[in-house]
Amino acid sequence: MEALIFAWRIVKHVKSNAIVTRGRSPGGCGAGQMSRVDSVKLGASKARDLKHAVEGTVLASDAFFPFPDGVEEAARVGVTAIVQPGGSVS
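Residues numbered from 1 in each chain as written. Predicted model: local features only at pLDDT ≥ 70, side-chain atom pairs only at ≥ 80, totals over all residues. Heavy atoms only, no water.

Visitor: Looking at this structure, how should I read the packing of helix α2 (residues 36-49) against helix α3 (residues 69-77)?
Guide: In a pair of packed helices, the angle between the axes and the distance between the axes together describe the arrangement. Where α2 meets α3, the axes come as close as 8 Å, and the angle between the chain directions of the two elements is 20 degrees. With respect to α3, the axis of α2 lies roughly parallel. The handedness of the crossing between α2 and α3 is right-handed. Two secondary-structure elements touch here, α2 through Val-37, Val-40, Lys-41, Ala-44 and Arg-48 and α3 through Asp-69, Gly-70, Glu-73, Ala-74 and Val-77. Among the residues forming the contact of α2 with α3, the class breakdown is five nonpolar, one polar and four charged. (Axes fitted to C-alpha atoms, helices over the stretch in contact; angles between N-to-C directions. Helix = DSSP H or I, 4+ residues; strand = E, 2+ residues; numbered from the N terminus. Parallel < 35°, antiparallel > 145°, perpendicular 65-115°, else oblique. Left-handed = near helix turned anticlockwise from the far one by under 90°. Contact = heavy atoms within 4.5 Å. Nonpolar A, V, L, I, M, F, W, Y, C, P; charged D, E, K, R; others polar.)

In structure tokens:
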């Protein structure tokens, strides 16, 4: 829960389908992507580039997940919990 709260605070400063992974430090941010799946992939890739393990991390997104593909990708790379705003504004 602590990691989710931390990630939620960070993600509000990283815009456009931002994805933040890691515990108490931002491990990888996948921002500026039109696709939430691409944001997850980019965040995981950046975390790995920085030699951070993605497995067992949490994910925060500034956008809701309208389809399961972003959540499925997060699970595939090892994310264990997700916080996101939920629901569409439209």
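Visitor: Just checking my understanding: could you explain the confidence of the model for the protein chain for this structure?
Guide: Detailed reading of predicted coordinates is not advised where the pLDDT is low. Looking at the protein chain, the pLDDT average stands at 80 and 82% of residues meet or exceed 70. Model confidence for the protein chain, summarised as mean pLDDT per element, is weakest for strand β1 (residues 19-21) at 63 and strongest for α3 at 93. (pLDDT = per-residue confidence, 0-100.)

Visitor: I would appreciate a short explanation of the pattern of salt bridges in the present structure.
Guide: A side chain with one charge can pair with a side chain of the opposite charge if their charged atoms come near. For the structure shown, the criterion picks out two salt bridges. Across the salt bridge formed by Glu-73 and Arg-76, the nearest N and O atoms sit 2.7 Å from each other. In this pair, Glu-73 and Arg-76 both sit in helix α3, three residues apart, roughly one turn of the helix. Here Glu-73 falls in the buried class, since its relative accessible area comes to 10%. Relative accessible area serves as the criterion here: at 61%, Arg-76 is assigned to the exposed category. (Salt bridge = Lys/Arg side-chain N within 4 Å of Asp/Glu carboxyl O. Buried < 20%, exposed > 50% of the residue type's maximum accessible area, 1.4 Å probe, protein only.)

Visitor: What is the right way to look at the side chain of Ser-61 in this model?
Guide: Looking at the element boundaries, Ser-61 is found in strand β3 (residues 58-61). Within polar-contact distance, the side chain of Ser-61 engages the backbone oxygen of Ala-63 at 2.8 Å. (Polar contact = N/O pair within 3.5 Å; in protein donor to acceptor, adjacent residues only side chain to side chain.)

Visitor: What's the story with helix α1 (residues 2-11) in this structure? I'm lost.
Guide: Helical periodicity: at 3.6 residues per turn, an α-helix aligns residues three or four positions apart in one direction. Along α1, the positions that sit buried rather than exposed are Leu-4, Phe-6, Ala-7 and Val-11. Take α1 and look down its axis: the buried residues cluster within an arc of 160 degrees, on one side only. Residues of α1 that are exposed and point over 90 degrees away from its buried face: Glu-2 and Arg-9. (Arc of directions from axis to C-beta.)

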